[in-house]
Amino acid sequence: QVQLVESGGGLVQPGGSLRLSCAASGTIVSIYHMGWYRQAPGKQRELVADISAGGNTNYADSVEGRFTISRDNAKNTVYLQMSSLKFEDTAVYYCKMMVKINLVIVNDYWGQGTQVAVSS
């Protein structure tokens, strides 16, 4: 079994910054893609950013240039540095990892979510 634990959410003013972290633990052989998603009230969950095992990154247009995703493979952790935050960034943020748990099985796992609220 694999668990993802997120941290770093909170309340921030527009223009401010936050850094989210998501650490995986459990039976892990390796981790392929890591990503951050978010879901605002009344909206569908959407991809914010993801990063491949090789470090290739992909961002939603709405966060390009403001958010940076990174990973620490030794710590099985993915980060999301968020800067120049806007009201519309308010959402619950979820991490997702594609984890190889043995020689043949690869599963997707989700974190429990962390609230980010941008408000003045």
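Coordinates for the structure precede this section.
Conventions we followed
Residues numbered from 1 in each chain as written. Predicted model: local features only at pLDDT ≥ 70, side-chain atom pairs only at ≥ 80, totals over all residues. Heavy atoms only, no water. Phe/Tyr/Trp six-rings, centres within 6.5 Å; stacked < 30°, edge-to-face > 60°. Helix = DSSP H or I, 4+ residues; strand = E, 2+ residues; numbered from the N terminus. Lys NZ or Arg CZ within 6 Å of the ring centre and 35° of its normal. Buried < 20%, exposed > 50% of the residue type's maximum accessible area, 1.4 Å probe, protein only. Contact = heavy atoms within 4.5 Å.

(A) Broad picture of the packing of aromatic side chains. With the rule as written, the count across this model stands at 2 aromatic pairs. On the basis of an interplanar angle of 80° and a centroid distance of 6.5 Å, the ring pair of Tyr94 and Trp110 is categorised as edge-to-face. Within this pair, whereas Tyr94 is found in strand β9 (residues 91-100), its partner Trp110 is found in strand β10 (residues 106-110), the two being separated by 16 residues in sequence. Taken together, the ring pairs in this structure connect Tyr37, Tyr94 and Trp110 into an aromatic cluster. One residue, Arg19, lies across the ring of Tyr79, its end atom 4.0 Å from the ring centre. Against the face of Trp110 rests Arg45, its NZ or CZ located 4.7 Å from the ring centre.

(B) Representation of the environment of Tyr79 in the model. Note that Tyr79 resides in strand β8 (residues 77-82). The class of Tyr79 is buried, set by a relative accessible area of 13%. Expressed as a C-alpha distance, the spacing of Tyr79 and Gly35, which sit 44 residues apart in the sequence, is 9.0 Å. Apart from residues lying up to four places away in sequence, Tyr79 is in contact with Arg19, Leu20, Ser21, Trp36, Thr68, Ile69, Ser70 and Asp72.

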